[in-house]
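# What the coordinates show
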Amino acid sequence: MKIIRAKDYNDMSRKAANIISAQVILKPESVLGLATGSSPIGIYEQLIKWYHKGDVDFGACTTFNLDEYRGLTPDHDQSYHYFMHKNFFDAVNVPDERINLPDGAQLDAERECRRYDAAIRAAGGIDLQLLGMGLNGHIGFNEPDEYFSKGTHCVNLTESTIEANKRFFASADDVPRQAYTMGVQTIMLARRIVLVVSGENKAKTVREAFFGPVTPRVPASILQLHTDVSIVADEAALSLCTDLL
Ligand code: F6R
């Protein structure tokens, strides 16, 4: 596990965008696993700038997002479809037919999860998966639990995740209670993983996840077992790990 130290959020975003951009330059037909939330926004902004300068071209890429709220249609302004189009896809050239997210409007969970896993397999698997990490150590919507999940599945969101996400909705009552998410196994099958983490509020989780025992109680800790993972973390996120670095 490589820990890449960044000064602050902007530096973290540029460093991670460099890794993604190198991936796409080396393999233009890369299958990219993408994330939503505040952590990757700076990365998308940087990649859009480089795309417009002609430094990176997404025209042969395929993308699979980690997760989507169950029950939200793609045009809902809090759906991850909407987020991804607004923050990335509308400004770059990933072909529409190669953009993939779980379909939140498909309420048959089993059918949707099987379809999504089959689509990832049919694309040849994920070359590079970008991840953020929740305050409780979740990756995708894989929340702390007694076991690690496998493929794409439907989850009930925890109170802490509903609380963290309510800032995007009119009230906590409007936050969907369920989501479709890639499972921990789906994530671990990616050939390469880049996790970005920023801010002092995640410092304790960073220490637990990357320097503590591997446990489903801290889902991101499983990444310690992956053979090609880079954690790009800013100083604030690493502030409780200085004795270990
Ligand atoms: C989003 C996702 C989540 C977030 C995590 C951190 O697609 O998979 O696991 O990465 O909740 O969110 P932020 O970046 O908003 O702190």
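### Brief notes about the nonpolar core
Grouped together as the largest cluster of nonpolar side chains are 40 residues, with contacts concentrated most on Leu-32, Ile-43, Leu-47, Phe-58, Met-84, Phe-88 and Phe-89. Mapped by element, the contributors of at least two residues to this core are helix H1 (9-26), strand S2 (31-34), helix H2 (41-53), helix H3 (80-87), strand S6 (128-131) and strand S9 (192-197). Looking at this core, the element that brings in the most residues is H1, giving six residues. Every residue in contact with Phe-58, bar those within four places of it in the chain, is listed here: Val-24, Leu-32, Leu-47, Tyr-51, Phe-88, Val-92, Asn-93, Val-94 and Pro-95. Among the nonpolar cores identified, the runner-up in size contains 30 residues, and Ala-190, Ala-220, Val-229 and Leu-238 belong to it.

### Concerning the confidence of the model for the chain
Residues of the chain with pLDDT of at least 70 account for 100%, and the chain-wide mean is 96. Confidence, read as mean pLDDT per element, is least for helix H5 (residues 159-165) in the chain (83) and greatest for S6 (99).

### Section: the packing of H2 against H3
Contact geometry for H2 and H3: axes closest at 10 Å, N-to-C directions at 40 degrees. In terms of orientation, H2 lies oblique with respect to H3. In this structure, H2 uses Ile-41, Tyr-44 and Ile-48 to contact H3, whose residues at the interface are Phe-83, Met-84 and Asn-87.

### Things to note about the packing of H1 against H2
Viewed as axis vectors pointing N to C, H1 and H2 meet at an angle of 55 degrees, and their least axial separation amounts to 8 Å. Viewed along their axes, H1 and H2 adopt a mutual orientation that is oblique. The hand of the H1/H2 crossing is right-handed. On H2, the residues that touch Tyr-9, Ser-13, Arg-14, Ala-16, Ala-17, Asn-18, Ile-20 and Ser-21 of H1 are Ile-41, Gly-42, Ile-43, Gln-46, Leu-47 and Trp-50.

### Structural notes on the pairing of strand S3 (residues 62-65)
Burial along S3 is two-sided: the residues Thr-62 and Phe-64 and Thr-63 and Asn-65 are all buried. With four bridges joining them, S2 and S3 adopt parallel strand pairing. When the bridges of S3 are listed, Val-31 appears paired with Thr-62. One crossover worth recording links S2 to the parallel S3 by way of H2, and it is right-handed. Pairing of S3 with strand S5 (residues 99-100) involves two bridges; the strand directions are parallel. Along S5, the bridge assignment pairs Phe-64 with Asn-100.

Rules behind the numbers
Residues numbered from 1 in each chain as written. Predicted model: local features only at pLDDT ≥ 70, side-chain atom pairs only at ≥ 80, totals over all residues. Heavy atoms only, no water. Core = buried A, V, L, I, M, F, W, Y, C linked by side-chain atoms within 4.5 Å. Buried < 20%, exposed > 50% of the residue type's maximum accessible area, 1.4 Å probe, protein only. Helix = DSSP H or I, 4+ residues; strand = E, 2+ residues; numbered from the N terminus. Contact = heavy atoms within 4.5 Å. pLDDT = per-residue confidence, 0-100. Axes fitted to C-alpha atoms, helices over the stretch in contact; angles between N-to-C directions. Parallel < 35°, antiparallel > 145°, perpendicular 65-115°, else oblique. Left-handed = near helix turned anticlockwise from the far one by under 90°. Pairing = 2+ DSSP bridges. Right-handed = clockwise from strand over helix to strand, strands pointing away.

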